[in-house]
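Coordinates in review
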Amino acid sequence: KAGVTQTPRYLIKTRGQQVTLSCSPISGHRSVSWYQQTPGQGLQFLFEYFSETQRNKGNFPGRFSGRQFSNSRSEMNVSTLELGDSALYLCASSLGGLETQYFGPGTRLLVL
Amino acid sequence: AQSVTQLDSHVSVSEGTPVLLRCNYSSSYSPSLFWYVQHPNKGLQLLLKYTSAATLVKGINGFEAEFKKSETSFHLTKPSAHMSDAAEYFCVVTSNYGGSQGNLIFGKGTKLSVKP
């Protein structure tokens, strides 16, 4: 079974731009969660989608948004990029409920 | 509220010696606990998980962890370190409250170095 895939793997943007990251979950998984990893703050939860609905949300500003499609693929959007948004963005998928999350390789975003 | 504290930011061992990575947790509800490993420039891989079954949990690559409720600890151990174990390890907690585990709380990570 194919794992979680994320595209693109690397991205360079400038301040003020917006960016969209994509995550394709493991086949059959209905839950997708997003995390931000930075050297200073570590790994922080952004949000979780299950069956196209946002089910949990972390403590991030409204510039960070997401959505999930009927095939469970998810996108994350960051508007008005700031230098501090430079990070590795990881998505994870699971069957939902109490099941284990499986992580993708991440998208490394650099904001200049 | 839930939180997790990894007591060491960096651990260095010699190849063939035991590994101990320490983790304490705090959770208002019945917790699920995980250890994930991240090799350089790679994603996170699940090593093992505890979900209120046996308190001694065996994972992949010879790792195991023991859930101790009285000490609120979930330390990761391996009897004999291998060079390929060098990576960053994350202790993770989530709550079974509401039946959702979409929100994982990560520790700050412990970087494991293995000397030849």
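Refer to the structure presented above.
Residues numbered from 1 in each chain as written. Chains lettered and ligands numbered in written order. Predicted model: local features only at pLDDT ≥ 70, side-chain atom pairs only at ≥ 80, totals over all residues. Heavy atoms only, no water.

**Brief notes about the overall build of chain A**
Under the convention used in this document: In this description a helix means any DSSP run of H or I spanning at least four residues, a strand means any run of E spanning at least two, and both kinds are numbered starting from the N terminus. In this setup the radius of gyration rests on C-alpha atoms only. A globule is expected at 2.2 Å times the number of residues raised to 0.38. The buried label applies to any residue whose accessible area, calculated with a 1.4 Å probe on protein chains only, is under 20% of its type's maximum; exposed applies above 50%, and partly exposed to all values in between. Working definition of accessibility: Shrake-Rupley area with a 1.4 Å probe, residue cover restricted to the visible protein chains. Charge counting follows a simple rule: Lys and Arg are positive, Asp and Glu are negative, and His as well as the terminal groups are ignored. We put the charge of a Lys on NZ, of an Arg on CZ, of an Asp on CG and of a Glu on CD.
The number of helices and strands found in chain A is zero helices and eleven strands. For chain A, the sequential pattern of α-helices and β-strands runs β-β-β-β-β-β-β-β-β-β-β. Since a compact globule built from 112 residues should have a radius of gyration of about 13 Å, the 13 Å found for chain A is in line with a globular shape. For the C-alpha atoms alone, the extent of chain A along its principal axes is close to 35 × 25 × 25 Å. Across the 112 residues in chain A, those meeting the buried criterion constitute 49%. A total accessible area of about 5,300 Å² is found for chain A, and carbon and sulfur atoms account for 49% of it. The centroid of the 11 positive side-chain charges in chain A is displaced by 5 Å from the centroid of its 6 negative side-chain charges.

**Concerning the overall build of chain B**
Put simply, the rule is: Working rule for contacts: check all heavy atoms of both residues, and any pair within 4.5 Å makes them a contact.
A tally of regular secondary structure across chain B gives zero helices and twelve strands. In terms of overall dimensions, chain B is globule-like: its C-alpha atoms have a radius of gyration of 14 Å, near the 13 Å expected for 116 residues. A total of 116 residues make up chain B; the buried ones form 44% of that total. Look at the contacts in chain B between residues 6 or more apart in sequence, and 57% of them connect residues 24 or more apart. When the accessible area of chain B is evaluated, it comes to approximately 5,500 Å², of which 52% is carbon and sulfur surface. A distance of 5 Å separates the average location of the 10 positive side-chain charges in chain B from that of its 7 negative side-chain charges.

**Focus on the nonpolar core**
Filter applied, for reference: We call a set of buried Ala, Val, Leu, Ile, Met, Phe, Trp, Tyr and Cys residues a nonpolar core when their side-chain atoms join them within 4.5 Å.
Residues B:Trp35, B:Leu48, B:Phe74, B:Leu76 and B:Tyr89 are the most contacted members of the largest nonpolar core, which totals 26 residues. Residue contributions to this core peak at four residues, all from strand E10 (residues 87–95) of chain B. Grouped together as the second largest cluster of nonpolar side chains are 21 residues, A:Val19, A:Phe47, A:Phe60 and A:Phe64 included.

**Some thoughts on the pairing of strand E7 (residues 64–68) of chain A**
All names here are of chain A. Rules: DSSP bridges decide pairing: two strands pair if at least two such bridges lie between them.
The pairing of E7 with strand E8 (residues 74–78) spans five bridges and is classified as antiparallel. In the strand pairing of E8, serine 65 is matched with asparagine 77. Between E7 and E8, which follow one another and run antiparallel, lie five residues, and serine 72 among them has a positive phi close to 75°.

**Examining the interface of chain B and chain A**
To keep things clear, this is the line we draw: We define a salt bridge as a side-chain nitrogen of Lys or Arg found within 4 Å of a carboxyl oxygen belonging to Asp or Glu. For the purposes of these results, a polar contact is taken to be a pair of N or O atoms within 3.5 Å, where, inside protein, one atom must be able to donate a hydrogen and its partner to accept one; residues adjacent in sequence count only when each atom of the pair is a side-chain atom.
Facing the 19 residues of chain B at the interface are 22 residues of chain A. Here chain B is connected to chain A by zero salt bridges. Connecting chain B to chain A are five residue pairs in polar contact (both at pLDDT 80 or more). When residues of the side of chain B that touches chain A are traced back to their parent elements, those giving at least two are strand E5 (31–38) and strand E6 (44–50) of chain B.

**Observations concerning the state of the cysteines**
Residue and element names in this part refer to chain A. Operational definition: The disulfide criterion used throughout: a pair of cysteine sulfur atoms within 2.5 Å.
Using the criterion set out here, one finds two disulfides over all chains in the structure. The disulfide that involves cysteine 23 links it to cysteine 91, with 1.9 Å between the sulfurs. One quick way to see it: the torsion about the S-S bond of cysteine 23 and cysteine 91 is about 65°, and its sign makes the bridge right-handed. You can see cysteine 23 sitting in strand E3 (residues 19–24) and its partner cysteine 91 sitting in strand E9 (residues 87–94), a full 68 residues away along the chain.

**Section: unusual backbone geometry**
When glycine is set aside, most residues are seen to have a negative phi, and most peptide bonds are trans. Residues and elements named next belong to chain A. Cis geometry marks the peptide bond from threonine 7 to proline 8, where omega comes out at -10°. You can see proline 8 is positioned in the loop between strand E1 (5–7) and strand E2 (10–13). The backbone of glutamate 52 shows a phi angle near 70°, a positive value even though the residue is not glycine. Position of glutamate 52 relative to the elements: it lies in the loop between strand E5 (42–50) and strand E6 (53–57).

**Comments concerning the pattern of salt bridges**
Pairing between side chains becomes possible if they bear opposite charge and their charged atoms approach one another. One pass over the full model with this rule turns up eight salt bridges over all chains. A:Glu75 is the partner of A:Arg67 in a salt bridge, and the nearest nitrogen-oxygen pair spans 3.2 Å. A:Glu75 gets classed as buried once you look at its relative accessible area, which sits at 16%. One salt bridge in this structure joins B:Asp85 and B:Lys78, with 2.8 Å as the shortest N-O distance. Taken as a pair, B:Asp85 and B:Lys78 share a single burial class, namely buried. Each of A:Arg63, A:Glu82 and A:Asp85 takes part in a single network of salt bridges with overlapping partners.

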